[in-house]
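Topology and contacts: notes
Given next are the chains, with one letter for each unit.
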Amino acid sequence: MVADAAEERLRRWRLVLGGDQADGTGHALSGRDAAMDGAITALYGKGDTPRTGRDRAAGLGASAPAVARWLGDIRTYFPSSVVQVMQRDAIDRLGLTTLLLEPEMLQAVEPDVHLVGTLLSLNKALPETTKETARAVVRKVVEDLERRLATRTRAALTGALDRSARTGRPRHHDIDWKRTIAANLKHYLPEHRTVVPERLVGHGRASRSVKKEVVLCVDQSGSMAASVVYASVFGAVLASMRSLETRLVVFDTAVVDLTEQLDDPVDVLFGTRLGGGTDINRALAYCQSRITRPAETVVVLISDLYEGGIRDEMLKRVAAMRAAGVRFVTLLALSDEGTPAYDREHAAALAALGAPAFACTPDLFPEVMAAAIEKRPLPIPDAG
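The text that follows walks through the structure, step by step, so that each part is easy to find. Quick caveat: nothing in here was measured; it's all calculated off a predicted structure. (Residues numbered from 1 in each chain as written. Predicted model: local features only at pLDDT ≥ 70, side-chain atom pairs only at ≥ 80, totals over all residues. Heavy atoms only, no water.)

Some thoughts on the packing of helix α6 (residues 113-121) against helix α9 (residues 225-239)
Their axes nearest at 8 Å, the elements α6 and α9 cross at an angle of 105°. By the angle class used here, α6 and α9 are roughly perpendicular. Across from Val 113, Val 116, Gly 117 and Leu 120 in α6, the residues of α9 making contact are Ala 225, Ala 226, Val 229 and Tyr 230. (Axes fitted to C-alpha atoms, helices over the stretch in contact; angles between N-to-C directions. Helix = DSSP H or I, 4+ residues; strand = E, 2+ residues; numbered from the N terminus. Parallel < 35°, antiparallel > 145°, perpendicular 65-115°, else oblique. Contact = heavy atoms within 4.5 Å.)

What follows is the structure, encoded as structure tokens:
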């Protein structure tokens, strides 16, 4: 038993160290282990230096069929989460981005948010033979995200909308009797076996119409790829709620309103243009011009805040929107990757205006939006 455990430790160390003479294990691999080691070596080689362009020394070669076979191998030997990391490393280390333009390559990949971001950055370069395959890859990721995020988002926001619409002076047919009774139990008269309500709780007539407006203003610079993917999915979910009026605006140095495409987030994503500069001020000017009910509007700016436009004007717009009653939320990222590099000076200036900037995971986003709608403190994660 002890010998088996020692042998297993040697096997694992051999796979980790890569088989150089200096690895010190003296352990030889065979069968599945040898094939797994070959797949790892093809990507990471025997050194730590990333390879780009024509330097493909680790063994994948420059042909899409060879890479497609390697992708099939790693999906055989490793779990999906590891496969996604290895795919990302292959694109970064071995300069394989251009091979994603070939259909057989795309058919072999494990779809994930980062791959979608890469495909979107290549959108204009995709040949006709690859476009349908690329859309299928993007659609799979989008549908997976919608299944994971939609139910929780709708539940959190429906509750927030209901609470924000409650009134203490409802019309008779708008009284919420269950909540009214609960709120007045202390006024129960045992001799009459009844509750005398001193405070009525109900929903106003607005409950059957649009209650809140949400504007998602998303930076589409290259560093924000994952955020663009998640924002598009959340935008589609919010747009499906009749009590919300949702607008999705993406920007670099230009501003594009994708609201009309929110019924299909795949169309939204292929309407973006990852890369380029950033003009937050121009984007906020556009969003500000579309706000009709400031006190009932939530603006969510998703950006790393590296402003290429007019900084002072950007801050003045945020201040003006907040003074008019707009709830302004600044997200440095909407992804699972943590806080990105960001402009700390701009973040501090926004915080001074009452719009603190923080990174938000997709799982936290429904709670952030619910708090914004109810005008209560945002659930800002601990920076530590």
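A look at the packing of helix α12 (residues 311-323) against helix α13 (residues 344-352)
Contact pair α12 / α13: the axes reach a minimum separation of 10 Å and the direction vectors enclose 30°. Considering the angle they form, α12 stands roughly parallel to α13. Judged by the twist between their axes, the crossing of α12 over α13 is right-handed. Contact residues: Arg 311, Met 314, Leu 315 and Val 318 in α12; Glu 345, His 346, Ala 349 and Leu 350 in α13. Taken together, the residues that form the contact of α12 with α13 break down as five nonpolar, one polar and two charged. (Left-handed = near helix turned anticlockwise from the far one by under 90°. Nonpolar A, V, L, I, M, F, W, Y, C, P; charged D, E, K, R; others polar.)

Overview of the side chain of His 346
Mapping His 346 onto the fold places it in helix α13. Within the structure, His 346 has its side chain in polar contact with the backbone oxygen of Leu 305 (distance 2.8 Å). A polar side-chain atom of His 346 sits 3.2 Å from a polar atom in the side chain of Arg 311. In contact with His 346, other than residues within four places in its own chain, are Leu 305, Glu 307, Arg 311 and Met 314. (Polar contact = N/O pair within 3.5 Å; in protein donor to acceptor, adjacent residues only side chain to side chain.)

Topic: a nonpolar patch on the surface
Taken together, the side chains of Trp 177, Ile 181 and Leu 185 define a hydrophobic patch exposed on the protein surface, amounting to about 310 Å² of accessible area. Considering the arrangement of structural elements, one finds Trp 177 in helix α8 (residues 177-183). (Patch = residues over 30% accessible without salt bridge, like charges linked within 9 Å, V, L, I, M, F, W, Y side chains within 5 Å. Areas by Shrake-Rupley, 256 points an atom, 1.4 Å probe, with all protein chains shown as cover. Salt bridge = Lys/Arg side-chain N within 4 Å of Asp/Glu carboxyl O.)

Focus: helix α2 (residues 31-44)
Across its 14 residues, α2 extends 20 Å between first and last C-alpha, which sits within 8% of the 20 Å expected from 1.5 Å per residue. Residues of α2 that are buried include every one of Asp 33, Met 36, Asp 37, Ala 39, Ala 42 and Leu 43, and no others. (Expected span 1.5 Å × (residues − 1). Buried < 20%, exposed > 50% of the residue type's maximum accessible area, 1.4 Å probe, protein only.)

Remarks on the pattern of salt bridges
The full count for this structure, using the stated rule, is 16 salt bridges. Ionic pairing is found between Lys 212 and Glu 296, a salt bridge with its closest N-O pair at 2.9 Å. With a gap of 84 residues between them, Lys 212 in strand β5 (residues 212-219) and Glu 296 in the loop between α11 (280-289) and β8 (297-302) connect regions that are remote in the sequence. Between Asp 279 and Arg 282 there is a salt bridge; the shortest N-O distance is 3.9 Å. Look at the salt bridges and you will find they share partners, linking Lys 140, Asp 144 and Arg 147 into a network.

Here's the deal with the sheet that holds β8
The strand order across the open sheet built from six strands is β7-β6-β5-β8-β9-β10, with neighbouring strands paired in mixed fashion. Strands at the two margins of the open sheet, each flanked by one partner only, are β7 (255-257) and β10 (357-360). Strand-to-strand twist in this sheet, taken as the mean axis angle between neighbours without regard to direction, amounts to 25°. Here α9 sits on the sheet in contact with β5, β6 (244-251), β8 and β9 (327-334), set at roughly 165° to β5. (Pairing = 2+ DSSP bridges.)

Details of the pairing of β8
Of all six residues in β8, six are buried, a share of seventy percent or more. Neither face of β8 is left uncovered, since the one carrying Thr 297, Val 299 and Leu 301 and the one carrying Val 298, Val 300 and Ile 302 both have all their residues buried. One ladder, built from six bridges, connects β5 with β8; its direction is parallel. Pairing of Leu 216 across the sheet is with Val 300, part of β8. In the sheet, β8 pairs with β9 via five bridges, with the strands oriented parallel. Residue pairing across strands places Val 300 opposite Val 329, the latter belonging to β9. With α12 bridging β8 and its parallel neighbour β9, the resulting β-α-β unit is right-handed. (Right-handed = clockwise from strand over helix to strand, strands pointing away.)

So far we have only geometry, and geometry alone does not tell us how the molecule works.
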